[in-house]
Amino acid sequence: VKRDPEAFDSTALSDSMMMGSASARDRRLAMALAVLIALPAVAAFVPTGSLFTRTSVSGKQLGLRSRARLAAPLRASRTSGAARLQCNDGREAVKHADHQYLEERGACGVGFVASKKNEASHDILHKSIVALGCMEHRGACGGDFDSGDGSGVMTMVPWELFEDITKGEGHKNSGVGMIFLPQDEAKAKRARDTVEELAAEEGFEVLGWRKVPVDESVLGPMAKDAVPVIEQVVLKSKSGLEGDELEKGLYTIKRCFLSSLAEHGLDWVQDNVYICSLSSRTIIYKGMVRSEILAQFYKDLVNPEYKTRFAIYHRRFSTNTVPRWPIAQPFRIIGHNGEINTLLGNINWMQAREAVMDQTIAFPEGADLTHLDPLSDTRLSDSAN
């Protein structure tokens, strides 16, 4: 059958219309994407205060003060670039440091409180505990609603709590270890022996052990089933080490602990053994608990004798590891904001580099580094490694 070239071609027209429709959709999509990409740049040039300058109700333009009276007895203003909330009579509704509350970026469950005058007080610790309680939404809890992914605080060592052990001799040559021990007393004794043997090898004497006062009744069932025996040990340098050299000596004990545990037939994961901190400067109170439970569990944290110049607090959200008492944050040196879901890759990269890394700067001169724990462990999280 011959086809007349002048005849109406409905198929071609249909194809043309479809192509035109697709082209229009592409243009609309491109324009929408361009607008989305441009919005942040445009917003950066809009003064924050202009967002509050006026509004309207039923078509009537109202000033900021009028709008504030309609909504709440507060108003927003900017003074010298600082955003503030003020009452209608001019008083500040909240006293706080200047900050751009419309421009700030949130941290995932970590923060700190410090004395600007470098003065130790219990008030600093109290403020950090209150702030930690406001971080509850940053973590997760178990099905019992009380066992959390973990929370904790890092502070300076409250030497007032250890006067019964130091006996007024001073503490410039001493450090304190916060240690999780197994529930089984026989295993706990082996863990204590491990600490004392390592201390003796590194030139430290054990001044004494202190049982940390806790209230296990506030724990959720899951946390309570796994709760370790929590004790503190005070170590003193026999050679009079102080400052950074003292810290290096204590760090050596800490870095040899897990390998020495294995020699005593213990495993830090299975037996719940862990040195949370061992330092002459800082100490860590942490646990598999919700933020609001931490200070209820650790009685030291509400003791007025506990004084510090700073406090780092942390609420953990477990991203790539099962929650456990040892890996609640903060860790020995850091309070890490979030974890990375590339755990295996990171461990592999670190293990590949470990053999060529020079670690001697972190230890006392001449220290025996043949029994160090590996830098990374597949059972630890990114932060813990």
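To be clear, the structure that these remarks concern was listed above.
About the thresholds
Counting starts from 1 at the beginning of each chain's written sequence and moves along it residue by residue. Totals for whole chains, interfaces and linings use every residue, but because this is a predicted model, local features are given only for residues with pLDDT of at least 70 and side-chain atom pairs only at 80 or more, for both listing and counting. The side-chain quantities take in all heavy atoms of the structure and omit both hydrogens and water. Numbered from the N terminus, helices here are DSSP runs of H or I no shorter than four residues, and strands are runs of E no shorter than two. Relative accessibility thresholds used throughout: buried, under 20% of the residue-type maximum; exposed, over 50%; partly exposed, between the two (1.4 Å probe, protein chains only). Contact between two residues is taken to exist if any of their heavy atoms lie within 4.5 Å; hydrogens are not considered. Computed with a 1.4 Å probe, the accessible areas rest on the Shrake-Rupley method; for each residue, only the protein chains presented here act as cover. Two strands qualify as a pair provided DSSP detects at least 2 bridges between them. The angle between two axes is taken between their N-to-C directions and runs from 0 to 180 degrees, where each axis is a line fitted to C-alpha atoms and a helix contributes only its stretch in contact. Here a salt bridge means any side-chain nitrogen of Lys or Arg lying within 4 Å of a carboxyl oxygen belonging to Asp or Glu. What makes a patch is a set of residues exposed beyond 30% relative accessible area and free of salt bridges, joined within 9 Å when like-charged and within 5 Å when nonpolar (Val, Leu, Ile, Met, Phe, Trp, Tyr). Positive charge is attributed to Lys and Arg, negative charge to Asp and Glu, and no charge count is given to His or to the chain ends. Where a charge lies is defined by one atom per residue type, namely NZ (Lys), CZ (Arg), CG (Asp) and CD (Glu). Here, the term nonpolar core denotes a set of buried Ala, Val, Leu, Ile, Met, Phe, Trp, Tyr and Cys residues that are joined through side-chain atoms within 4.5 Å.

A. Looking closely at the overall build of the protein. When its secondary structure is counted, the protein shows nine helices and 12 strands. Every one of the 385 residues in the protein was classed for burial, and the buried ones make up 41%. Once local pairs closer than 6 in sequence are excluded, the contacts in the protein between residues at least 24 apart make up 75%. Just so you have it, the protein exposes about 21,400 Å², and 56% of that area is on carbon and sulfur atoms.

B. Representation of the sheet that holds strand β9 (residues 229-237) within the structure. In space, the four strands of this open sheet follow the order β8-β9-β7-β10, with antiparallel pairing throughout. Strands at the two margins of the open sheet, each flanked by one partner only, are β8 (204-211) and β10 (274-279). Sheet twist, expressed as the mean angle between neighbouring strand axes with direction ignored, is 20°. Pairing analysis gives five bridges linking strand β7 (residues 174-181) to β10, with the strands arranged antiparallel. Bridge pairing in β10 links M178 to S277. Packed on one face of the sheet, helix α5 (residues 185-201) meets β7, β8 and β9 and runs near 150° to β8. Sheet contacts for helix α7 (residues 243-263): β7, β8, β9 and β10; angle to β10, the most-contacted strand, approximately 170°.

C. Region of the structure containing the pattern of salt bridges. In the structure shown here, the tally under the stated rule is 10 salt bridges. Here D123 ties to K127 by a salt bridge, and the two come within 2.3 Å at their closest N and O atoms. A residue pair is termed a helical-turn pair when its members lie 3 or 4 positions apart in one helix, as D123 and K127 do in helix α3 (residues 122-133) at four residues. Of the charged contacts in the structure, one is a salt bridge between R281 and D244, with a shortest N-O distance of 2.8 Å. Taken as a pair, R281 in the loop between β10 and β11 (282-289) and D244 in helix α7 lie far apart in primary sequence, 37 residues in all. For R281, a relative accessible area of 41% puts it in the partly exposed group.

D. Geometry of a negative patch on the surface. Negative charge collects at one region of the surface, where E196, E197, E201, E263 and D368 lie side by side. In terms of residue count, α5 provides more of the negative patch than any other element does, three residues in total. The residue D368 is located in the segment after α9 (343-354) in this model. Residue D368 is classed as partly exposed on the basis of its relative accessible area of 45%.

E. Structural detail: unusual backbone geometry. For N118, which is not glycine, the phi dihedral falls at a positive 60°. Take N118: it is sitting in the loop between β5 (110-114) and α3. With a phi angle near 60°, N272 is a residue other than glycine that sits in the positive phi range. With respect to the helices, strands and loops of the structure, N272 is situated in the loop between α7 and β10. A residue is classified by how much of its surface remains accessible, and N272, at 13% relative accessible area, is buried.

F. Highlighting the nonpolar core. Among the nonpolar cores identified, the biggest contains 65 residues, and F162, Y285, F297, Y298, L301 and W325 are the most heavily contacted of them. Among the elements that make up this core, the one with the highest residue count is α7 (six residues).

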